[in-house]
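# Examination of the molecular architecture
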Amino acid sequence: MALKTAEEYKKGLRDGRRVFIMGEQVPDVTEDPYIKVGVETGAHDYLMGHDPKMRDMAVMKDPETGEEISSYFEIPDYPEAVKKRHELIKAACYYADGAIPFVKDVGTDIMNGLKVSARLMGNLEYEGRIDDYRKYCARNDLSIAGAVTDVKGDRSKSPSQQSSPDYFLRVVDETDSEIVVSGAKAHITASAYVDEILVIPTQNMSEADKDYAVAFATPINTPGITQICRPSFRYEDKNHFPTGKPRRGHVEALVIFDNVRVPKERVFLLREWKFAQHVAYAFAAYHRYTAVTYKMPILEYMTGLGILASEANGIQNKSHVRDKIINMVKYTETTKSLALAAGASPEDFGGTGLYIPNRLTANLAKLHFASNFHEFIRDIQDIAGGIVVTQPTYKDWENPELKPYLEKYLGGAGNYTAEERLKLMSTLHHIVASDFAGWHEVCTIHAEGSFAAQKMMILMEAPLEMYKKSAKDIVGLNVD
Ligand SMILES: Cc1cc2nc3c(=O)[nH]c(=O)nc-3n(C[C@H](O)[C@H](O)[C@H](O)COP(=O)(O)OP(=O)(O)OC[C@H]3O[C@@H](n4cnc5c(N)ncnc54)[C@H](O)[C@@H]3O)c2cc1C
């Protein structure tokens, strides 16, 4: 099958999937005003394959058939593949007006993590299954959500110690040919508008947890799967001033698995509890790098918005504003530099012959990004002024009785007319002061793992012994 067009991708989403939003079942996710934001954003992964400007990067040849497939499906079995993937994801974000399309990257990050884990286990059957699944998705040009995070109940307890057996997804039945799973995965991005869902464990497991050590893939319209989505913002918002580019973003869902049957050829881990953590860790090694990659275009345009706001208010040359602009540039460029450094020194993961970004630097990049984002927002809010939250809406601007007041009183400095300033502040409201802005702040902390997850990996990967040795040499200590 050839690479799908964006229209074919959307057509594939009308498949009887069971999706709810705001208490109502959604008959067609491509038409729902909230979910459509994500559908249109995700569609960029399909537009790229047909755009002559993007094809070199977005399309590769299937190594076996020579057919054109999406480059997201490339196996990272040579060091340069890591940097290539970074360039692909970054280009996709610029292409999708600053947002990550997301419907292929997390799924392929999990495929890469599962392949690494299967090699570390020495399990040729699992490796063969994940290879077959990759080929199936590539050759049918499918979109895939990644479901890692369980609802978890009491965070201080393991899956088997919970008051409810359903706080982590688990195997509830098994035959020779299939498994049956029940449970729920939380906060799953784009699951309402993909073809497949790829599920892995979220953490380490003990022997008592072995039924929870499961990884598998299944079509998202499989009977037993119900999705409850949370709206972020509507595709069309008439309160905002129209902008040059549409607003992009995603929708998350609580994905419930109620006795879902999965054939064994789509099962990639089954009760090998010792390897649950390997799978989660290998996926995180890929996905945290994806995360910092897609932050790069976002930080660039947000810094630009802050600078424009200073100009529209005539304060761009004031010393305290220049300090804030320097801070914004420092934050953006440091995050970008760390992301670039992670890709510049890829590692062979555990001698598997599969390459990952440098784990220490990728986690430092994500931690740096997440730790400083709120301060970055604060600086933009400070520069922009209270108008960010109090400005009249576009509907007021369109009212001929009110427009002259807005033109008269809300004009900007220098070259900025009232309309230009209001248009800019309306965009800023969306980015730093709306429901979506709150979503973005929380997303920055938790998505792709909370602070503690990055700190744990930093401690695991940092050259602590090298630091200690150089200190011992200086002090003259012989202790082990
Ligand atoms: C916008 C968004 C999109 C997301 N998309 C996806 C997705 O596509 N797929 C997916 O699988 N997940 C996704 N996630 C989930 C994300 O990975 C989790 O939010 C993150 O791992 C934190 O888990 P949690 O939300 O359950 O918070 P919690 O784990 O409850 O964390 C809350 C706090 O508790 C601490 N904590 C938790 N457990 C322990 C413990 N055992 N010991 C000590 N401290 C602990 C944490 O460090 C944190 O400080 C997304 C999240 C967001 C916000």
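Reading the values: rules and limits
- Residues numbered from 1 in each chain as written.
- Predicted model: local features only at pLDDT ≥ 70, side-chain atom pairs only at ≥ 80, totals over all residues.
- Heavy atoms only, no water.
- Patch = residues over 30% accessible without salt bridge, like charges linked within 9 Å, V, L, I, M, F, W, Y side chains within 5 Å.
- Areas by Shrake-Rupley, 256 points an atom, 1.4 Å probe, with all protein chains shown as cover.
- Salt bridge = Lys/Arg side-chain N within 4 Å of Asp/Glu carboxyl O.
- Helix = DSSP H or I, 4+ residues; strand = E, 2+ residues; numbered from the N terminus.
- Buried < 20%, exposed > 50% of the residue type's maximum accessible area, 1.4 Å probe, protein only.
- Core = buried A, V, L, I, M, F, W, Y, C linked by side-chain atoms within 4.5 Å.
- Domains from an automatic or database assignment.
- Contact = heavy atoms within 4.5 Å.
- Axes fitted to C-alpha atoms, helices over the stretch in contact; angles between N-to-C directions.
- Parallel < 35°, antiparallel > 145°, perpendicular 65-115°, else oblique.
- Left-handed = near helix turned anticlockwise from the far one by under 90°.
- Pairing = 2+ DSSP bridges.
- Buried area = accessible area lost by both parts, 1.4 Å probe.
- Polar contact = N/O pair within 3.5 Å; in protein donor to acceptor, adjacent residues only side chain to side chain.
- Nonpolar A, V, L, I, M, F, W, Y, C, P; charged D, E, K, R; others polar.

Where nonpolar side chains cluster on the molecular surface, the patch consists of Leu459, Leu464, Met466 and Tyr467 and spans about 420 Å² of accessible area. Per-element tally for the nonpolar patch: the top contributor is helix H17 (residues 464–475), with 3 residues. With respect to the helices and strands, Leu459 occurs in helix H16 (residues 451–461). For Leu459, a relative accessible area of 59% translates into the label exposed.

Right, let's get into the nonpolar core. Grouped burial of nonpolar side chains is what soluble globular proteins tend to show. Ile35, Tyr193, Ile197, Phe257 and Leu428 are the most contacted members of the largest nonpolar core, which has 118 residues in total. It is helix H8 (residues 276–312) that contributes the most residues to this core, 11 residues altogether. When residues of this core are sorted by domain, at least three fall in each of domain 1 (6–269) and domain 2 (278–469). Apart from the residues within four sequence positions on either side, Tyr193 is in contact with Tyr9, Leu13, Arg17, Ile35, Gly38, Val39, Val103, Ser143, Gly249, His250 and Val251. Listed in part, the 10 residues of the second largest apolar core include Val116, Tyr281, Phe349 and Ile356.

Our focus in this paragraph is the pattern of salt bridges. Under the definition given, this model contains 38 salt bridges. Salt-bridge contacts for Glu7 lead to Lys10; the nearest nitrogen and oxygen are separated by 3.6 Å. Of this pair, Glu7 and Lys10 both sit in helix H1 (residues 6–12), 3 residues apart, roughly one helical turn. The class of Lys10 is buried, set by a relative accessible area of 10%. The partner of Asp51 in a salt bridge is Lys53, and the shortest N-O contact between them spans 3.8 Å. In this structure Asp51 comes out as buried when scored by relative accessible area, which is 12%. According to the relative accessible area criterion, Lys53 is exposed, its value standing at 71%.

This next bit is on the environment of Met57. Tracing the sequence through the fold places Met57 in helix H4 (residues 55–58). The exposure class assigned to Met57 is partly exposed, which follows from its relative accessible area of 35%. Distance from Met57 to Gly146, taken between C-alpha atoms, is 23 Å for residues 89 residues apart in sequence. Discounting residues that sit within four places of it in the chain, Met57 has contacts with Ser71, Glu87, Leu88 and Ala91.

Okay, the packing of helix H6 (residues 105–121) against H8 next. Closest axis-to-axis distance for the H6/H8 pair is 8 Å, and the angle between their directions is 140°. Between H6 and H8, the crossing angle belongs to the class labelled oblique. The handedness of the crossing between H6 and H8 is right-handed. From H6, Asp105, Val106, Asp109, Ile110, Asn112, Gly113, Leu114, Val116, Ser117 and Leu120 reach across to H8, where they touch His278, Val279, Ala282, Phe283, Tyr286, His287 and Thr290.

Looking now at the sheet that holds strand E7 (residues 178–189). Note on sheets: strands pair through backbone hydrogen bonds, and any given pair is parallel or antiparallel. Spatially, 6 strands are ordered E2-E1-E10-E11-E7-E6 in an open sheet, and the strand pairing comes out mixed. The open sheet has two free edges, formed respectively by strand E2 (24–25) and strand E6 (170–174), since each of these has just one partner strand. As paired elements, strand E10 (residues 225–230) and strand E11 (residues 252–263) share 6 bridges and run antiparallel to each other. Within the sheet, the bridge partner assigned to Gln227 lies in E11 and is Val255.

Bringing the sheet that holds strand E8 (residues 196–199) into the picture now. The sheet built from 4 strands is open, its strands ordered E5-E8-E9-E12 with mixed pairing. Each end of this open sheet is capped by a strand with a single partner; those strands are strand E5 (144–147) and strand E12 (267–270). Across the sheet, the axes of successive neighbouring strands diverge by a mean angle of 20°, strand direction being ignored. Sheet strands touched by H6: E5, E8, strand E9 (214–219) and E12. Its angle to E5, the strand with the most contacts, is close to 60°. Against the sheet, helix H7 (residues 124–139) contacts E5, E8, E9 and E12, and its axis sits at roughly 150° relative to E12.

Further remarks concern the pairing of E9. Among the 6 residues that make up E9, 5 are buried, leaving the element largely enclosed by the rest of the structure. Sheet topology places E8 next to E9; 4 bridges connect them, and they run antiparallel. Pairing of Ile197 across the sheet is with Thr218, part of E9. Sheet topology note: the E9/E12 ladder contains 3 bridges and is antiparallel. Along E12, the bridge assignment pairs Phe216 with Val267.

On to the domain arrangement of the protein, then. Here the protein is partitioned into domain 1 (6–269) and domain 2 (278–469). Once you take the C-alpha centre of each, domain 1 and domain 2 turn out to be 25 Å apart. Taken together, the 43 residues of domain 1 in the interface contact 43 residues of domain 2. Approximately 3900 Å² of surface area, both sides summed, lies buried where domain 1 meets domain 2, with 72% of it carried by carbon and sulfur atoms. On the domain 1 side of the interface with domain 2, the three residues burying the most area are Val82, His86 and Phe241, jointly 18% of the side's total. Where domain 1 packs against domain 2, one counts 0 salt bridges. At the boundary of domain 1 and domain 2, one finds 11 residue pairs in polar contact (both at pLDDT 80 or more). Listing elements by their share of the side of domain 1 that touches domain 2, those giving two or more residues are helix H5 (80–95) and H6. Residues belonging to the side of domain 1 that touches domain 2 are distributed by class as follows: 22 nonpolar, 11 polar and 10 charged.

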